[in-house]
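# Breakdown of the fold
Below are the chains, spelled out letter by letter.
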Amino acid sequence: MQYHEYLARVRELGEYRSQEEAAKVTEAVLRVLAQRISPGEVDDLASQLPGPLGQTLTAAKPEQADSFGIDEFYRRVAERIGARPRTAEWDASAVLTALADAISGGELNQLLSQLPSGYAVLFGKADLAG
């Protein structure tokens, strides 16, 4: 999947008015996700995404993952985009569903294994939510 295709998918899923809005939301969500997963997983994930998306993840890569739950994930995304946590939930779902479509099944499984089960629904994988 190419960068413009990814943003088009996010725009469609999130019902955004423009590619720019989809790009802003995508960057915010990916930066927060990068803080939540291991640095090695950030690198693995970045390698499967189009250049600008991989660069966003790599730029946000922490020295070690920060363990936080889904509500804190929403709060951090909301803070980055200047929205309410409920809006951030919508935004995260659009970005991460597109992400699940853009990476291999094996990479998705590795990513989900680093997150509590409540995150699975954000990737369009409600059947994996425990």
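Residues numbered from 1 in each chain as written. Predicted model: local features only at pLDDT ≥ 70, side-chain atom pairs only at ≥ 80, totals over all residues. Heavy atoms only, no water.

## Some details on the overall build of the protein chain
Rules: Only runs of H or I of at least four residues qualify as helices and only runs of E of at least two qualify as strands under DSSP, and these elements are numbered from the N terminus. We take the radius of gyration over the C-alpha atoms and set the globule estimate at 2.2 Å times the residue count to the 0.38 power. Using a 1.4 Å probe on the protein chains alone, a residue whose accessible area is under 20% of its type maximum counts as buried, one over 50% counts as exposed, and one in between counts as partly exposed. In this description, contact between two residues means that some pair of their heavy atoms is separated by no more than 4.5 Å. For this count, His and the chain ends are skipped, Lys and Arg are scored as positive, and Asp and Glu as negative. Just so you know, the charge point we use is NZ for Lys, CZ for Arg, CG for Asp and CD for Glu.
For the protein chain, the helix and strand inventory stands at seven helices and zero strands. Counting from the amino terminus, helix and strand elements in the protein chain follow one another as α-α-α-α-α-α-α. Taking 14 Å as the expected radius of gyration for a compact globule of 130 residues, we find that the protein chain reaches 13 Å, a close match to that expectation. Out of the 130 residues in the protein chain, the part that is buried amounts to 42%. By sequence separation, contacts in the protein chain at least 24 residues apart represent 66% of the contacts at least 6 residues apart. Counting 13 positive and 19 negative side-chain charges, the protein chain places the centres of these two groups 5 Å from one another.

## Observations concerning the side chain of threonine 56
By the element assignment, threonine 56 lies in helix 4 (residues 51-60). Overall, threonine 56 belongs to the buried group, its relative accessible area being 13%. Residues in contact with threonine 56, not counting those within four places in the same chain, are Glu27, Leu30 and Arg31.

## Details of the environment of glutamate 21
Along the chain, glutamate 21 falls in helix 2 (residues 19-36). Residues glutamate 21 and valine 10 lie eleven residues apart in sequence; the distance between their C-alpha atoms is 9.6 Å.

## Observations concerning the environment of arginine 75
Along the chain, arginine 75 turns up in helix 5 (residues 70-81). With 21 residues separating them along the chain, arginine 75 and leucine 96 place their C-alpha atoms 16 Å apart.

## Overview of helix 1 (residues 3-14)
Because each turn of an α-helix spans 3.6 residues, side chains separated by three or four positions in sequence point in the same direction. The test is simple: Given the number of residues in a helix, its expected span is that number minus one, multiplied by 1.5 Å. Taken from the helix axis, the directions to the C-beta atoms give the arc we talk about.
If you check helix 1, its first and last C-alpha atoms are 16 Å apart, about what twelve residues at 1.5 Å a residue would give, namely 16 Å. Restricting attention to buried positions, one finds in helix 1 the residues Tyr6, Leu7, Val10 and Gly14. Down the axis of helix 1, the sector holding all buried residues measures 95°, keeping them to one side. The secondary structure elements touched by the buried residues of helix 1 are helix 2, helix 4 and helix 6 (85-102).

## Looking at the pattern of salt bridges
For the record, the criterion: A carboxyl oxygen of Asp or Glu within 4 Å of a side-chain nitrogen of Lys or Arg is what we treat as a salt bridge.
Counting across every chain of the model gives nine salt bridges. Here arginine 9 ties to glutamate 12 by a salt bridge, and the two come within 3.5 Å at their closest N and O atoms. A residue pair is termed a helical-turn pair when its members lie 3 or 4 positions apart in one helix, as arginine 9 and glutamate 12 do in helix 1 at three residues. Assessed through its relative accessible area of 24%, arginine 9 is described here as partly exposed. Glutamate 72 serves as the salt-bridge partner of arginine 75, at 2.8 Å between the closest nitrogen and oxygen. Here arginine 75 pairs with glutamate 72, and both are found in helix 5, just three residues apart, close to one helical turn.

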